[in-house]
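Reading the structure
As a plain string of letters, each chain reads:
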Amino acid sequence: MAHPKHRKSKSKTRMGRAHHHLRPASLVECNNCRGVKMPHRVCPHCGHYKGSAIV
Ligand SMILES: [Zn+2]
């Protein structure tokens with residue numbers, strides 16, 4: 001089984017961890033009520049999804 005031959009230096013560990021930050025959540029506009037909502041999810045304001053009322 002593949003196994004690391006050498007321990008990563010503190011610098012290399014930290015360089016990799018520099019990319020561990022979270023990206024801000026993307027938001028889209030609801031087609032029904034124009035409110036902001038998460039993409040591919042039922043609107044939390046009006047309960048619509050793809051033009052029809054779900055909730
Ligand atoms: Zn809506």
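Everything numeric here is computed off the predicted structure, so don't read it as measured data. The residue numbering used here restarts from 1 in each chain and proceeds along that chain's sequence as written. It should be noted that, the model being predicted, local features are given only for residues of pLDDT at least 70 and side-chain atom pairs only at 80 or more, the latter also being counted only at that level, while totals for whole chains, interfaces and linings use all residues. Side-chain measures were taken over the full set of non-hydrogen atoms in the model, leaving aside hydrogen atoms and water.

A separate point is unusual backbone geometry. With a phi angle near 65°, Arg34 is a residue other than glycine that sits in the positive phi range. The secondary structure listing takes helices from DSSP runs of H or I that are at least 4 residues long and strands from runs of E that are at least 2 residues long, numbered from the N terminus. Within the secondary structure layout, Arg34 lies in the loop between strand S1 (28–29) and strand S2 (36–37). A positive phi is found at His40, a non-glycine position, where the angle reads about 65°. With respect to the element layout, His40 can be found in the loop between S2 and strand S3 (48–49). Of the residues examined, His40 reaches a relative accessible area of 69% and is grouped as exposed. Each residue's exposure class comes from its accessible area (1.4 Å probe, protein chains only) as a fraction of the maximum for that residue type: buried when under 20%, exposed when over 50%, partly exposed otherwise.

Note: metal donors comprise N, O and S atoms at 2.8 Å or less from the metal (3.2 Å for Na, K and Ca); water molecules are not included, so apparent gaps in a site are possible. Of the protein atoms, only Cys30 (SG), Cys33 (SG), Cys43 (SG) and Cys46 (SG) coordinate the zinc ion, at distances of 2.2 to 2.3 Å. In this scheme the shape depends on donor count and angles: four donors with every angle between 85 and 135 degrees give tetrahedral, four or six donors with opposite pairs above 155 degrees and others between 65 and 115 give square planar or octahedral in turn, and any other case is irregular. Classification of the site at the zinc ion as tetrahedral follows from its four donor atoms and the range of 105 to 117° in their angles at the metal. You can call Cys33 partly exposed: its relative accessible area is 33%. A residue is classified by how much of its surface remains accessible, and Cys46, at 23% relative accessible area, is partly exposed.

The next point concerns a positive patch on the surface. Judged by side-chain charge, Arg7, Lys8, Lys10, Lys12, Arg14 and Arg17 come together as a positively charged surface patch. Take Arg7: it is sitting in the segment before helix H1 (10–17). On the basis of relative accessible area, Arg7 is assigned to the exposed category, the value being 80%. Excluding any residue in a salt bridge, patches collect residues exceeding 30% relative accessible area, merging like charges within 9 Å and nonpolar Val, Leu, Ile, Met, Phe, Trp and Tyr side chains within 5 Å. Note that accessible areas follow from Shrake-Rupley with a 1.4 Å probe, and for residues the cover is restricted to the protein chains shown. Salt bridge criterion: a side-chain nitrogen from Lys or Arg within 4 Å of a carboxyl oxygen from Asp or Glu. Under the counting rule used here, the positive set is Lys and Arg, the negative set is Asp and Glu, and His together with the chain ends is not counted. One atom stands in for each charge, and that atom is NZ of Lys, CZ of Arg, CG of Asp or CD of Glu.

So, about the side chain of His48. By the element assignment, His48 lies in strand S3. Between N or O atoms, a polar contact is any pair within 3.5 Å; within protein, one atom must be a potential hydrogen donor and the other a potential acceptor, and residues adjacent in sequence are included only when both atoms are from side chains. In terms of polar contacts, His48 uses its side chain to reach the backbone carbonyl oxygen of Cys46, at 3.2 Å. Here, two residues are considered to be in contact whenever any of their heavy atoms come within 4.5 Å of each other. Residues contacting His48, with those up to four places away along its chain left out, are Asn32, Val42, Cys43, Ala53 and Ile54.

What follows is about the side chain of Lys37. Relative to the elements of secondary structure, Lys37 occurs in strand S2. Apart from the residues lying within four places of it in its own chain, the contact partners of Lys37 are Leu27, Val28, Cys30, Cys43 and Pro44.

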